[in-house]
Amino acid sequence: MRVGLYPGTFDPVTLGHIDIIRRASALVDKLVIGVAINRDKGPLFSLEERVSLLEPELASLSEQTGTQIVAHPFENLLIDCAHDVGASIIVRGLRAVADFEYEFQMVGMNRALDDSVETVFLMAEARHQAIASKLVKEICRLNGDVSKFVPPAVHDALVRRLHG
């Protein structure tokens, strides 16, 4: 069974993330969505909230694609998380050249730690490439409409969190 790992903070999950998950599911038999705890980023949503916002989307995608897709919280090194879930592929999404420079460094470090785990880069569809969780939160915080960037349940959670 080919297992892939798509890591991120998913704070919150966006339609860009969903697009990458859908596309990555065609490459593997099982796709693990590694939800990073990453306290240094100071997430808007708790780990439990991020996982609970992801799970309905993953269930729907799993049903659509026939690929097993599950959420897996982690706080260790990415390569150790890959070992923990049995992943031989790490999936990363790219939006811009700036993403590639950072990701290139990460691939080098991960390959130095374990060269048996491959990294695959996927580009989101053009209409989703500009979507970034950080920008979605800022737009919502400033009363902008983010409904075209996130699933409906995520939109509702953002509005409740930021505007009470």
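The notes below deal with the structure included here. (Residues numbered from 1 in each chain as written. Predicted model: local features only at pLDDT ≥ 70, side-chain atom pairs only at ≥ 80, totals over all residues. Heavy atoms only, no water.)

### Overview of helix α3 (residues 78-85)
Applicable threshold: Relative accessibility thresholds used throughout: buried, under 20% of the residue-type maximum; exposed, over 50%; partly exposed, between the two (1.4 Å probe, protein chains only). Secondary structure elements are taken from DSSP: a helix is a run of H or I of four residues or more, a strand is a run of E of two residues or more, and numbering for both begins at the N terminus. When we speak of the arc, we mean the arc of directions from the helix axis to the C-beta atoms.
Those residues of α3 lying buried are Leu-78, Ile-79, Cys-81, Ala-82 and Val-85. Looking straight down α3, one finds its buried side chains confined to an arc of 155°; they lie on one side. Positive phi shows up at Gly-86, right after α3, with a value of about 75°.

### Some thoughts on the packing of aromatic side chains
Note the following rule: Classification of ring pairs rests on two measures: the distance between centres of Phe, Tyr or Trp rings, Trp counted by its six-membered ring, which must be within 6.5 Å, and the angle between planes, read as stacked under 30 degrees, edge-to-face over 60 and tilted in between.
Counting across every chain of the model gives three aromatic pairs. Between Phe-100 and Phe-104, the ring centres sit 5.8 Å apart and the planes meet at 40°, which makes this aromatic pair tilted. One end of the pair, Phe-100, and the other, Phe-104, are both in helix α4 (residues 97-113), four residues apart, so they sit about a helical turn from each other. Put simply, the rings of Phe-100, Phe-104 and Phe-121 touch in pairs and so form one group of aromatic residues.

### Focus on helix α1 (residues 15-24)
Just so we agree on the cut-off: Pairs of N or O atoms are called polar contacts if they sit within 3.5 Å, as long as, within protein, a hydrogen donor faces a hydrogen acceptor (for residues adjacent in sequence, only side-chain-to-side-chain pairs).
In terms of burial, α1 is largely enclosed, as seven of its 10 residues are buried. All of the buried residues in α1 are Gly-16, His-17, Ile-18, Asp-19, Ile-20, Ile-21 and Ala-24. Two or three places before Gly-16, at the opening of α1, Thr-14 has a side-chain oxygen 3.2 Å from that residue's backbone nitrogen.

### Looking at the side chain of His-128
How we decide: Here a residue-residue contact requires only that any non-hydrogen atoms of the pair lie within 4.5 Å.
Along the polypeptide, His-128 turns up in the loop between β5 (118-123) and α5 (133-141). Relative accessible area serves as the criterion here: at 9%, His-128 is assigned to the buried category. When near neighbours in sequence (up to four residues on either side) are disregarded, His-128 contacts Leu-15, Gly-16 and Asp-19.

Everything listed is a geometric property; what it means functionally is a separate question.
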